[in-house]
Amino acid sequence: MNTANLDPGDGTALSRSWTLKRASDALRLVIAGLLLVGGPTMGLGREAPSLFFFTAACYLAVAVALTVWPSATLVAAHKAVAAAVVDALAFAALLATSGGFASGLPTLLFVLVVVAALEAVPKIALFHAAVAALALLGENLWRLWQGWAATDPFLVGAAGGALFVAAWLAQRLGTRLRQTEAAHQAQQALLAWQRTVNDRIVQELADGVLCVDAQGVVRYASPASWRGWGKTRVTSRLPQSCLSRFILVRSGGGARTGVCGG
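In this report, the structure presented in the accompanying data block is examined.

## Quick notes on the overall build of the protein chain
Okay, so step 1: Of the regular secondary structure elements, the protein chain holds seven helices and four strands.
Okay, so step 2: For the protein chain, the α and β elements follow one another from N to C terminus as α-α-α-α-α-α-β-β-α-β-β.
Okay, so step 3: Per-residue burial over the protein chain gives 36% buried out of 262 residues.
Okay, so step 4: By sequence separation, contacts in the protein chain at least 24 residues apart represent 60% of the contacts at least 6 residues apart.

Written as structure tokens, this is what we have:
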């Protein structure tokens, strides 16, 4: 029996580490599918329904491709850059067919950039924010040049600046979360190593080692205890007269450790 199972602070009592792997891929899929299926019911694509549908369909196809893109380290940066460019181009086209900045689509782009920044390095997070801001500004300037209804450029520029701030903050938060997760995993590895060492020590002790609960029921018996007293077995109740022959570890309420002479 492994003594690690006797530790009340084992892995079942430790909080599980939090991860956000590939969350931006899943979010991109959800947004693309939502726009394709429910865009018209949300009042989007009024200015060019066919172009809106084509753009949303292409965006969904590319989102699927990005989701199945291999996540090896060598291509991770390339994938992040490609995803940022795709998001910017797709939203620029969707904005152009849906009334521009006032359509509400920038909110979805904002959320996508922030979630992607959580799992990105600083340069990639800021690059994503930059191309997203350029998409908003470029589409709005295009509307102004064409004489269409456009939003105040100052408001669009402020939204672009907010994208940079939000992406930077999200990236810092993601870094902190990854560091916390790494520290938690290192601590678990250290605890596992310590338990292995402790178990080896107990196995090699010449004196018998018993672990009993508050009712005197044996929960663990080392090999030496079997040699010293053949009747020792897990889940058996240990007679009081035999306690002096073993190193005794009591667990349960009022836990204490003691050595009985023998």
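Let's pick the thread back up.
## Looking at the packing of aromatic side chains
Okay, so step 1: Per the counting criterion, the structure on display carries two aromatic pairs.
Okay, so step 2: Note on tyrosine 59 and phenylalanine 91: the rings are 6.0 Å apart at their centroids and 80 degrees apart in plane angle, and the pair reads as edge-to-face. Residue tyrosine 59 is found in helix H2 (residues 49-67), and its partner phenylalanine 91 is found in helix H3 (residues 73-96); the two are separated by 32 residues along the sequence. Phenylalanine 91 shares its class with tyrosine 59; the two are buried.
Okay, so step 3: Summarising the aromatic geometry, the rings of tryptophan 142 and tryptophan 145 are spaced 5.4 Å apart at their centres and angled 50 degrees between planes, so their arrangement reads as tilted. With tryptophan 142 and tryptophan 145 both in helix H5 (residues 122-146) and three residues apart, the pair spans about one turn of that helix.

## Description of the pattern of salt bridges
Okay, so step 1: Inspection of the entire model under this criterion finds five salt bridges.
Okay, so step 2: Ionic pairing is found between arginine 28 and aspartate 25, a salt bridge with its closest N-O pair at 3.4 Å. Linking arginine 28 with aspartate 25, this pair stays in helix H1 (residues 23-38), spanning three residues, or about one helical turn. Taken as a pair, arginine 28 and aspartate 25 share a single burial class, namely buried.
Okay, so step 3: For glutamate 139, the salt bridge is made with arginine 143, and the minimal N-O distance between the two is 3.2 Å. Pair noted here: glutamate 139 and arginine 143 are both in helix H5, with a separation of four residues, about one helical turn.
Okay, so step 4: Residues participating in the shared-partner salt-bridge network are Asp25, Arg28, Lys79 and Asp87.

## Observations regarding the nonpolar core
For soluble globular proteins, nonpolar side chains are generally found buried alongside one another.
Okay, so step 1: Within the largest apolar cluster, 31 residues are counted, with the highest numbers of intra-cluster contacts made by Leu35, Phe91, Leu105, Val113, Leu136 and Leu163.
Okay, so step 2: Elements with a minimum of two residues in this core: H1, H2, H3, helix H4 (105-118), H5 and helix H6 (153-204).
Okay, so step 3: When neighbours within four sequence positions are excluded, leucine 136 is seen to be in contact with Leu95, Phe101, Pro106, Leu109, Val156 and Leu163.

## So, H6
Okay, so step 1: An ideal rise of 1.5 Å per residue puts 76 Å on 52 residues; H6 measures up with 77 Å between its terminal C-alpha atoms.
Okay, so step 2: The N-cap residue of H6 is aspartate 152: its side-chain oxygen and the backbone nitrogen of phenylalanine 154 are 3.1 Å apart.

## Comments concerning the packing of H4 against H6
Okay, so step 1: At a minimum axis distance of 7 Å, the contact between H4 and H6 shows a crossing angle of 30 degrees. By the angle class used here, H4 and H6 are roughly parallel. For the element pair H4 and H6, the recorded crossing hand is right-handed. Two secondary-structure elements touch here, H4 through Phe110, Val113, Val114, Ala117 and Leu118 and H6 through Ala162, Leu163, Ala166, Ala167, Ala170, Gln171, Leu173, Gly174 and Arg178.
Okay, so step 2: Tallied by class, the residues present in the contact of H4 with H6 amount to eleven nonpolar, two polar and one charged.

## Structural notes on the environment of alanine 166
Okay, so step 1: By the element assignment, alanine 166 lies in helix H6.
Okay, so step 2: A sequence separation of 56 residues divides alanine 166 from phenylalanine 110, and the C-alpha atoms of the two residues are 8.5 Å apart.
Okay, so step 3: Filtering out sequence-adjacent residues up to four positions away, alanine 166 remains in contact with Phe110 and Val114.

Parameters at a glance
- Residues numbered from 1 in each chain as written.
- Predicted model: local features only at pLDDT ≥ 70, side-chain atom pairs only at ≥ 80, totals over all residues.
- Heavy atoms only, no water.
- Helix = DSSP H or I, 4+ residues; strand = E, 2+ residues; numbered from the N terminus.
- Buried < 20%, exposed > 50% of the residue type's maximum accessible area, 1.4 Å probe, protein only.
- Contact = heavy atoms within 4.5 Å.
- Phe/Tyr/Trp six-rings, centres within 6.5 Å; stacked < 30°, edge-to-face > 60°.
- Salt bridge = Lys/Arg side-chain N within 4 Å of Asp/Glu carboxyl O.
- Core = buried A, V, L, I, M, F, W, Y, C linked by side-chain atoms within 4.5 Å.
- Expected span 1.5 Å × (residues − 1).
- Polar contact = N/O pair within 3.5 Å; in protein donor to acceptor, adjacent residues only side chain to side chain.
- Axes fitted to C-alpha atoms, helices over the stretch in contact; angles between N-to-C directions.
- Parallel < 35°, antiparallel > 145°, perpendicular 65-115°, else oblique.
- Left-handed = near helix turned anticlockwise from the far one by under 90°.
- Nonpolar A, V, L, I, M, F, W, Y, C, P; charged D, E, K, R; others polar.

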